[in-house]
Amino acid sequence: MNAPGSQLAQSRPSGTTAVTAYTNANVRTEVSRVYVANTTASDATFAIYHDDDGTTYSEATAIVFGATCPANGVIDFGFEAAGGGITIAPGGSLGVKTVTANAINFSVYGVTQ
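**Student:** Pulling in residues and values, what's your account of the overall build of the chain?
**Tutor:** A tally of helices and strands in the chain yields zero helices and nine strands. Seen in sequence order, the chain has helices and strands lined up from the N terminus as β-β-β-β-β-β-β-β-β. In terms of overall size, the chain behaves like a compact globule, its C-alpha atoms giving a radius of gyration of 13 Å where 113 residues would be expected to give roughly 13 Å. The 113 residues of the chain split such that 39% are buried. For the chain, contacts bridging at least 24 residues in sequence account for 82% of all contacts bridging at least 6.

**Student:** Outline the packing of aromatic side chains, supporting the account with residue identities and numerical values.
**Tutor:** Evaluated as defined, the whole model comprises four aromatic pairs. With 5.8 Å between their ring centres and 40 degrees between their planes, tyrosine 49 and tyrosine 57 make a pair best called tilted. Within the aromatic cluster, the residues linked to one another by ring pairs are Phe46, Phe77 and Phe106.

**Student:** Got a sec to walk through unusual backbone geometry? Specific residues and values, please.
**Tutor:** Even without a glycine there, the phi angle at asparagine 72 is positive, about 55 degrees. Examined against the element boundaries, asparagine 72 turns out to sit in the loop between strand S5 (62-69) and strand S6 (74-78). The phi torsion at asparagine 102 lies on the positive side, around 60 degrees, for a residue other than glycine. You can see asparagine 102 is positioned in the loop between strand S8 (93-98) and strand S9 (104-112). Classification of asparagine 102 by relative accessible area gives partly exposed; the value is 37%.

**Student:** Any details on the sheet that holds strand S2 (residues 19-23)? Residues and values, ideally.
**Tutor:** Backbone-to-backbone hydrogen bonds join strands into a sheet, with any given pair of strands oriented parallel or antiparallel. Taken together, the four strands give an open sheet; going across it, the order is S2-S8-S4-S5, and neighbouring strands pair in antiparallel fashion. Edge strands, defined here as strands with exactly one partner in the open sheet, are S2 and S5. Adjacent strand axes in the sheet meet at a mean angle of 20 degrees, parallel and antiparallel pairs treated alike.

**Student:** Give a detailed account of the nonpolar core, specifying residues and quantitative values.
**Tutor:** One finds Val31, Val36, Phe46, Ile48, Leu94, Ile104 and Phe106 to be the most contacted residues of the largest nonpolar core, which totals 20 residues. Counting only elements with at least two residues in this core, the list comes to S2, strand S3 (29-38), strand S4 (44-51), S5, strand S7 (86-88), S8 and S9. Beyond its immediate chain neighbours, meaning those up to four positions away, valine 31 contacts Leu8, Phe79, Gly85, Ile86, Ile88, Leu94, Val108, Tyr109 and Gly110.

**Student:** Account for the pairing of S9, naming residues and giving values.
**Tutor:** Across five bridges, strand S1 (residues 6-11) lies against S9 in antiparallel orientation. Across the sheet, glutamine 7 pairs through a bridge with tyrosine 109, a residue of S9. Two strands pair when backbone bridges link them, and S3 and S9 are joined in this way by nine bridges, in the antiparallel orientation. Note that in S9 the partner of asparagine 38 across the bridge is isoleucine 104.

**Student:** Mind laying out the side chain of threonine 29, listing which residues take part and the relevant values?
**Tutor:** Topologically, threonine 29 is positioned in strand S3. Under the relative-accessibility criterion, threonine 29 is labelled buried at 1%. A distance of 3.0 Å separates the side chain of threonine 29 from the side chain of tyrosine 22, its partner in a polar contact.

Cut-offs used in this document
- Residues numbered from 1 in each chain as written.
- Predicted model: local features only at pLDDT ≥ 70, side-chain atom pairs only at ≥ 80, totals over all residues.
- Heavy atoms only, no water.
- Helix = DSSP H or I, 4+ residues; strand = E, 2+ residues; numbered from the N terminus.
- Rg over C-alpha atoms; globule rule 2.2 N^0.38 Å.
- Buried < 20%, exposed > 50% of the residue type's maximum accessible area, 1.4 Å probe, protein only.
- Contact = heavy atoms within 4.5 Å.
- Phe/Tyr/Trp six-rings, centres within 6.5 Å; stacked < 30°, edge-to-face > 60°.
- Pairing = 2+ DSSP bridges.
- Axes fitted to C-alpha atoms, helices over the stretch in contact; angles between N-to-C directions.
- Core = buried A, V, L, I, M, F, W, Y, C linked by side-chain atoms within 4.5 Å.
- Polar contact = N/O pair within 3.5 Å; in protein donor to acceptor, adjacent residues only side chain to side chain.

Okay, structure coming up:
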C-alpha cells in the first residue's frame with residue numbers, strides 16, 4: 001500500500017486555460033491522490049495533464065480530458081497499489097484545466113523521493 005503522502009499542491013484556476021498545479025524541480029514524486037472539488041451549483045468540465053519533462057498541456061499529455069465533476073461534488077482519483085501512482089520526474093509537472101473559471105479546486109497528494 002502507498003504511503004498516504006502529504007499535500008503537494010492545490011490549485012483553483014481563475015481562468016479557462018491549463019495551468020501548472022504541481023512542478024517538480026529536483027526529485028522524483030509519486031502522486032498518490034488527486035481530489036477534484038466543484039464548489040459551484042453547476043456541473044463543471046475539467047482536465048488533468050502529466051508532462052514528464054516540461055509544462056506542455058494538450059490532448060497529447062492529458063490523463064483526464066473532458067470529464068465532468070457534478071455540482072458541489074468531489075471526484076477522488078486515488079491510486080492504491082504500491083507504485084501505482086503518477087510518477088513525475090525532475091523537470092516534470094501536473095497541469096489542470098477547468099472550462100468554468102473559479103469552479104474547481106484541485107488538491108494533489110503524494111510522496112517525494
